[in-house]
Amino acid sequence: MSEQELKALRVRIDSLDEKVLELISERARCAQEVARVKMASLAEGEVPVFYRPEREAQVLKRVMERNQGPLGNEEMARLFREIMSSCLALEQPLKVAYLGPEGTFTQAAAMKHFGHAVISKPMAAIDEVFREVAAGAVNFGVVPVENSTEGAVNHTLDSFLEHDMVICGEVELRIHHHLLVGENTKTDSISRIYSHAQSLAQCRKWLDAHYPNVERVAVSSNAEAAKRVKGEWNSAAIAGDMAAGLYGLTRLAEKIEDRPDNSTRFLMIGSQEVPPTGDDKTSIIVSMSNKPGALHELLVPFHDNGIDLTRIETRPSRSGKWTYVFFIDFVGHHRDPLVKSVLEKISQEAVALKVLGSYPKAVL
Ligand SMILES: O=C(O)C(=O)C[C@]1(C(=O)O)C=C[C@@H](O)C=C1
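These numbers were taken from a predicted model, which means no experiment stands behind them. (Residues numbered from 1 in each chain as written. Predicted model: local features only at pLDDT ≥ 70, side-chain atom pairs only at ≥ 80, totals over all residues. Heavy atoms only, no water.)

What follows deals with the overall build of the protein. Scanning the protein from terminus to terminus reveals 12 helices and 15 strands. In terms of principal-axis extent, the alpha carbons of the protein reach across some 75 × 60 × 40 Å. Burial statistics for the protein: of 364 residues in total, 45% are counted as buried. (Helix = DSSP H or I, 4+ residues; strand = E, 2+ residues; numbered from the N terminus. Buried < 20%, exposed > 50% of the residue type's maximum accessible area, 1.4 Å probe, protein only.)

Printed below as a string of structure tokens:
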């Protein structure tokens, strides 16, 4: 390519950037107008709701449907995700608590869902995220709920039994683990590998093959593991990209998870009910009386009405030994007439039924 061609293309890019800039600014001014309209139409004592997950899902889906490349759909939606995040911040900067410390996959999930223009607050434990949301110190919380290799995150399920929380969104994240070392680490004398227990389990086979005799130490998060090895000379950590970048660690081995499709699903929790989008999921907790056939009775109405169950999890209930609660996710919104009638049928048989929330299916 000649210098002249390159110069001409850059002039074109400059002129396109000017247009993109003007359009983004116009969009941002529009969002400010939206905020004004929301404020003006409030009834007395009503609190304005600036964040609208159902609308955000619609915007992102539209972008993906209309995109004609060459950028991929996900890439394009990611760009619009950030534009919308900044527009919302003009209306009201969202405060989001997540399972920290900084650099965790939960932080990455929070950014994927809300974009980067939020005020994010790392919490030391899942229960603390719930408490922070319940106290109204933040608008939303982000917690992991299930991993494709290791199953349910029981701390999260149990926290739903203790707190009244509304689920208002979900996000799935591909989890890639790396073996990380600090600049002082002597790589031939690693005697200890730190990580979160779930991540150690997700890399069990790789560790058995490559570091069979090295002590595996479970710590509170992958980011905490990364932080520890920074100052140690004989240890390594298993953590992801964010933690590696944050603590300036080197990747001794990349993508060491046993299953290449290793993914974690995260939930956004808050107090805001989300209206239907036409492509939603609902999460409920049900406790049934301890009698034969109880689970069958619970599942039949879903089957009879063709409602697609996406997950069922059992946890010991807090109210008695050997009694259980079921966490169920299914496709549909609790305001859909069909879902409503199924929930009514179940509540006739159940000891207790609680709708944790209906929310748009993850777009990104
Ligand atoms: O449509 C709205 O209600 C807006 O506030 C605008 C907007 C956007 O930028 O598109 C911003 C924030 C909301 O969460 C959803 C959408």
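Now for the sheet that holds strand S12 (residues 280-287). Reading across from one edge, S13-S14-S12-S15 is the order of the four strands in this open sheet, with antiparallel pairing throughout. With partners counted over all chains shown, the strands left at the sheet margins are strand S13 (309-316) and strand S15 (352-360), one partner each. Shown here is a sheet whose adjacent strand axes are inclined to one another by a mean of 15°, direction ignored. Pairing of S12 with S15, which is carried by eight bridges, proceeds in the antiparallel orientation. Bridging across to S15, lysine 281 finds its partner in tyrosine 359. Lying on the sheet, helix H6 (residues 154-162) is in contact with S12, S13, strand S14 (324-331) and S15; it crosses S13 at an angle near 80°. This element, helix H12 (residues 337-349), spans S12, S14 and S15 of the sheet and lies at about 160° to S15. (Pairing = 2+ DSSP bridges. Axes fitted to C-alpha atoms, helices over the stretch in contact; angles between N-to-C directions. Contact = heavy atoms within 4.5 Å.)

Looking now at the UniProt feature "domain: Prephenate dehydratase" (unreviewed entry) in the protein. The UniProt feature table records "domain: Prephenate dehydratase" (unreviewed entry) at residues 95-271. Taken end to end, residues 95-271 has its terminal C-alpha atoms 13 Å apart, with 32% of it in helix and 34% in strand. (UniProt positions renumbered as here; feature names shortened; annotations may be inferred.)

Looking now at the sheet that holds strand S10 (residues 250-253). Read across the open sheet, the five strands follow the order S8-S7-S9-S6-S10; overall the sheet is mixed. Strand pairing shows two members of the sheet lacking a second neighbour, strand S8 (215-219) and S10, which therefore form its edges. The average undirected angle you get between the axes of adjacent strands in this sheet is 35°. Of the pairings in the sheet, the one linking strand S7 (residues 192-196) to S8 comprises five bridges and is parallel in character. In the strand pairing of S8, tyrosine 194 is matched with valine 217. Running at roughly 155° to strand S9 (residues 235-239), helix H9 (residues 222-230) makes contact with strand S6 (178-181), S7, S8 and S9 of the sheet.

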